[in-house]
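Letter by letter, the chains look like this.
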Amino acid sequence: MPNTPEPGLALHREWLRVPLGAGEHADFHHRWLRHHCDRERHPVTGERTRCSSELPDYIAPRRAAIVDDALEIEWSDDHASRYPLAWLRAHAYARNRVEVPPPAADLAQISVAAHGLSLTEQVHAALARVRQHGAAVVRRDPDDRRAPEDATEPLIAAFEAAGLRVIGTHFGRIEDLRTDNSTNQNTDQLGYTDAPIGLHTDQPFLEHPPRYQLLQGIRCADEGGVNLLADARAAFRHLESIDAHAADILATVPVKISRKQQQFQRELVTPLVARRGDDDFLVRSSYFTYAPHALPFARTLDFYRAHDHFIRLLRDPQHHYRALLAPGDWLLYDNHRTLHARTGFTGARWLRGVYFDPAEAA
C-alpha cells in the first residue's frame with residue numbers, strides 16, 4: 001500500500017480524493033490519473049504517446065501533494081505527473097462523490113453489559129444492535145452465579161419470548177461446539193475441531209438458512225478461540241459503490257453450494273448474494289462448502305475477480321469485530337448478513353450454538 005498523502009488528499013487503494021476548493025472534492029482512479037499524464041505527449045504535436053494498456057496492472061501513488069494549484073504525484077512505476085487543479089475540475093467524473101464506508105470494527109458499538117439488566121432486557125438490547133450492526137456481544141452479569149451451561153435454556157426462553165423460535169439443524173437443537181463432543185449428530189466438520197475457521201455464513205446450502213445464531217461461552221480455551229465477525233451487507237454496499245460489475249456478478253451468477261458429510265448431504269444452486277435489499281439481505285458465503293465452479297469459460301475469471309474482491313474486503317482485519325467469549329458471555333449475529341470465524345485454539349474450549357428464526361416466518 002502506498003504512503004499516506006499530505007493533508008487535504010485522501011488516498012485509497014484504487015483512487016485518490018482531491019480537494020478542488022470551495023468545499024468541493026473529486027475522486028479519481030489511480031489508473032485514470034496515470035493514463036492522463038500530460039508529460040507523455042509528443043512535444044510537437046501534443047498527441048498522447050502512451051496507451052493505458054502499457055501500464056502495469058497495479059499502479060498507485062508513492063507520494064501525492066498539492067503544490068501551487070496543481071496535484072503532483074510520484075508513481076509506483078517511477079513516473080512523475082503534474083495535474084493543474086483547474087484541469088481536474090474540468091474533467092472530474094466523480095465530483096463530490098459520497099463514499100460508502102466499508103464494514104465497521106468497533107467492538108464497543110455492538111457490546112452490551114448485562115450487569116443491572118434482566119435477561120429480557122439483555123435480549124432486546126442485543127436484538128437492537130443486531131438490527132443496526134449485524135451482531136451483538138453480551139458480557140455476563142458478574143452477579144449471575146449460575147454455571148454457564150445452566151443459563152442456556154433460560155436464554156433460549158427469553159429469545160422465544162422476544163418473538164424468535166429455535167431452528168433445529170442436522171446437528172441437533174443445541175450445538176456443543178467442543179472437540180470432545182458427544183451430544184450432537186454430524187460432527188465431522190470444522191466446528192468440532194480446534195482448527196481456525198475463516199469467515200463464512202452457516203447453513204448456506206439450505207433454501208432458507210436460519211436467520212440468527214446464538215453462540216454462548218461455556219468454557220474458554222487455554223489459548224486462542226477468538227470469535228471474528230464481519231458485516232457482509234456493509235461490505236457489499238461498499239463494493240457496489242466502487243465496483244458495480246463485481247456486485248452484479250455476485251448477485252446474479254449462480255454457483256453450487258454443497259455440504260457432504262458422512263450422514264448428511266445437501267446441495268443448492270444460487271447466487272452468493274441471494275437478496276440485495278437492506279431489510280432482507282441474504283449472503284451465502286462458505287469457502288468450505290463450494291462445489292467446483294461450473295461456469296461458462298468466458299465468465300469464470302470474472303466470477304473469481306468479483307468473489308475475491310468481496311471476500312478480501314471482508315477478510316481485512318481492520319473490518320473485523322473481535323470478541324473472546326468468557327464463560328457466560330454470548331453473542332448473537334444475523335446469519336443472513338454477517339460472516340463469522342474463529343482463530344485456532346488449544347485446550348478444552350466449549351461454546352454452545354443455537355439457531356433462531358423470527359416466529360412469524362414459521
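Scroll up to find the structure.
Here the structure is a predicted model, which is why all the values come from computation and not from measurement.

Some words on the side chain of H36
Turning to step 1, where the next piece is worked out: Position of H36 relative to the elements: it lies in the loop between α1 (30-35) and β4 (61-66).
Turning to step 2, where the next piece is worked out: For H36, a relative accessible area of 19% puts it in the buried group.
Turning to step 3, where the next piece is worked out: With residues up to four places along the chain from it excluded, the contact list for H36 reads R48, Y83 and W87.

Looking at the state of the cysteines
Turning to step 1, where the next piece is worked out: Within this structure, the stated rule accounts for zero disulfides.
Turning to step 2, where the next piece is worked out: This cysteine, C37, is not joined by any disulfide, and C51 carries the nearest cysteine sulfur, 15 Å off.
Turning to step 3, where the next piece is worked out: On the basis of relative accessibility, which here comes to 1%, the residue C37 falls in the buried class.

Regarding the packing of helix α3 (residues 119-133) against helix α4 (residues 152-161)
Turning to step 1, where the next piece is worked out: Two numbers describe how α3 lies on α4: the axes approach to 9 Å, and their chain directions differ by 60°. It follows from the interaxial angle that α3 and α4 lie oblique. Considering only the axes of α3 and α4, their crossing is right-handed. On the side of α3, the interface is formed by L119, V123 and L127, while α4 contributes P154, L155, A158 and F159.
Turning to step 2, where the next piece is worked out: Partitioned by chemical class, the residues of the contact of α3 with α4 number seven nonpolar, no polar and no charged.

A closer look at α3
Turning to step 1, where the next piece is worked out: Between its terminal C-alpha atoms α3 stretches 21 Å, which fits the 21 Å expected from 15 residues at 1.5 Å a residue.
Turning to step 2, where the next piece is worked out: What α3 keeps buried is the set Q122, V123, A125, A126, L127, V130 and H133.

So, the nonpolar core
Turning to step 1, where the next piece is worked out: Ranked by size, the top nonpolar core spans 32 residues in total, and within it F236, L250, F303, F310 and L314 carry the most contacts.
Turning to step 2, where the next piece is worked out: Among the elements of the structure, β14 (227-231), α5 (232-242), α6 (244-252), β15 (255-261), α7 (297-315) and β21 (338-342) are those that each provide at least two residues to this core.
Turning to step 3, where the next piece is worked out: With six residues, α7 is the largest single contributor of residues to this core.
Turning to step 4, where the next piece is worked out: Excluding residues within four positions of it along the chain, L314 makes contact with L199, A230, D231, A232, A235, H320 and L339.
Turning to step 5, where the next piece is worked out: Grouped together as the second largest cluster of nonpolar side chains are 22 residues, V123, L155, I156 and V354 included.

Description of the sheet that holds strand β5 (residues 70-75)
Pairing between sheet strands relies on hydrogen bonds along the backbone, with the strands arranged either parallel or antiparallel.
Turning to step 1, where the next piece is worked out: Strand order in this open sheet of three strands is β4-β5-β6, and the pairing throughout is antiparallel. Each end of this open sheet is capped by a strand with a single partner; those strands are β4 and β6 (80-84). Ignoring which end each strand starts from, the neighbouring axes of this sheet average 15° apart.
Turning to step 2, where the next piece is worked out: In this sheet, β5 lies alongside β4 in antiparallel orientation, the contact comprising five bridges. For I66, the partnering residue across the bridge sits in β5 and is L71.

Calculation notes
- Residues numbered from 1 in each chain as written.
- Predicted model: local features only at pLDDT ≥ 70, side-chain atom pairs only at ≥ 80, totals over all residues.
- Heavy atoms only, no water.
- Helix = DSSP H or I, 4+ residues; strand = E, 2+ residues; numbered from the N terminus.
- Buried < 20%, exposed > 50% of the residue type's maximum accessible area, 1.4 Å probe, protein only.
- Contact = heavy atoms within 4.5 Å.
- Disulfide = S-S within 2.5 Å.
- Axes fitted to C-alpha atoms, helices over the stretch in contact; angles between N-to-C directions.
- Parallel < 35°, antiparallel > 145°, perpendicular 65-115°, else oblique.
- Left-handed = near helix turned anticlockwise from the far one by under 90°.
- Nonpolar A, V, L, I, M, F, W, Y, C, P; charged D, E, K, R; others polar.
- Expected span 1.5 Å × (residues − 1).
- Core = buried A, V, L, I, M, F, W, Y, C linked by side-chain atoms within 4.5 Å.
- Pairing = 2+ DSSP bridges.

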